[in-house]
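Single-letter residue listing:
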Amino acid sequence: LVAEILTKLSAEIVFHKVAIRPAKPLLFAVAGKTLVFGLPGNPVSAAVGFDLFVRAAWRQASGLSPALPDRVEAVLTSPAQNRGGRLAFLPARLQPRKGRLEVAAIASKGSHDVAAQAAANAYLVLEPETSRVAGDRVDTYPGTEETTLGW
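Basis of the calculations
- Residues numbered from 1 in each chain as written.
- Predicted model: local features only at pLDDT ≥ 70, side-chain atom pairs only at ≥ 80, totals over all residues.
- Heavy atoms only, no water.
- 1 Å grid on protein atoms, 1.4 Å probe; cavity = no way out; pocket = protein on both sides within 12 Å on 5 of 7 lines; lining within 4 Å.
- Points joined across faces, edges and corners; volume = space filled by probe spheres on them.
- Helix = DSSP H or I, 4+ residues; strand = E, 2+ residues; numbered from the N terminus.
- Patch = residues over 30% accessible without salt bridge, like charges linked within 9 Å, V, L, I, M, F, W, Y side chains within 5 Å.
- Areas by Shrake-Rupley, 256 points an atom, 1.4 Å probe, with all protein chains shown as cover.
- Salt bridge = Lys/Arg side-chain N within 4 Å of Asp/Glu carboxyl O.
- Pairing = 2+ DSSP bridges.
- Axes fitted to C-alpha atoms, helices over the stretch in contact; angles between N-to-C directions.
- Polar contact = N/O pair within 3.5 Å; in protein donor to acceptor, adjacent residues only side chain to side chain.
- Contact = heavy atoms within 4.5 Å.

Empty space within the largest pocket amounts to approximately 390 Å³. Going through the elements one at a time, helix H2 (43-61), strand E6 (80-82) and strand E7 (87-97) are the ones with two or more residues in the lining of the largest pocket.

Okay, here's the thing in C-alpha cells:
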C-alpha cells in the first residue's frame, strides 16, 4: 500500500524489500529532495531497518562518519545459526574479555521479540544457511552511545 501511494505521489521507489533478516519488507523512495523510508511492521524488523538504513542515511546526510560502524570480528561464545536464505542480523551481546572481543547471540523468538532486542548491544551477522560454534570468529556490528544497539 505504501509503495502504491508513494508512486501516485510521484515518488521514485528505489527499492522495496531487502535480502536481510529481519527487515525484508523495507522500502526506500525519493520524492524530490526528500528521502522516504517505509519500515516493516514488526518492532524488531523496524529497529533493524532503522539502524541499518535510516540512521545510516541520516548520519551520511549530516556529514557524520562513518554512516555505519565498521564490522568487528569477535569470538563467538555459544553456538549460533541462520537457517534462512537471507543475511541475518541477530541481537547479540558484545563485550571485551581477556584482551579480546566476545559475542553471544541473544535467544530471540523472532521479529516481535522486543525483549531480546532491548538486551542487545550489537548485531551478530550470519551469512545465509550457516551454523557457527563457540570459538568461531564472527562479524558483528557494535553499538555506540546513540542508542541501545545503536549507531
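The structure having been displayed, the exposition proceeds.
Taken together, the side chains of Leu1, Ile5 and Leu9 make up a nonpolar region of the molecular surface, amounting to roughly 360 Å² of accessible area. Inspection of the secondary structure puts leucine 1 in the segment before helix H1 (2-8).

This part covers the sheet that holds strand E1 (residues 12-16). The strand order across the open sheet formed by three strands is E1-E3-E4, and the pairing between neighbours is antiparallel. Of all strands in the sheet, those with a lone pairing partner are E1 and strand E4 (34-38), marking the two edges. Sheet twist, expressed as the average angle between the axes of neighbouring strands with direction ignored, equals 20°. Two strands pair when backbone bridges link them, and strand E3 (residues 27-31) and E4 are joined in this way by five bridges, in the antiparallel orientation. Bridging from a neighbouring strand, alanine 31 pairs with threonine 34 of E4.

The next thing to look at is the side chain of serine 111. Checked against the element boundaries, serine 111 lands in the loop between strand E8 (100-105) and helix H3 (114-119). In terms of polar contacts, serine 111 uses its side chain to reach the side chain of asparagine 42, at 2.8 Å. Those residues in contact with serine 111 that sit more than four places away from it in its chain are Pro22, Asn42, Pro43, Val44 and Ser45.

Below, the discussion takes up the pairing of strand E11 (residues 137-142). Relative to E11, strand E5 (residues 72-76) runs antiparallel, the two sharing four bridges. What sits directly across from glutamate 73, in E11, is aspartate 139. Relative to E11, strand E9 (residues 122-126) is paired through four bridges, and the arrangement is antiparallel. When the bridges of E11 are listed, tyrosine 123 appears paired with tyrosine 141.

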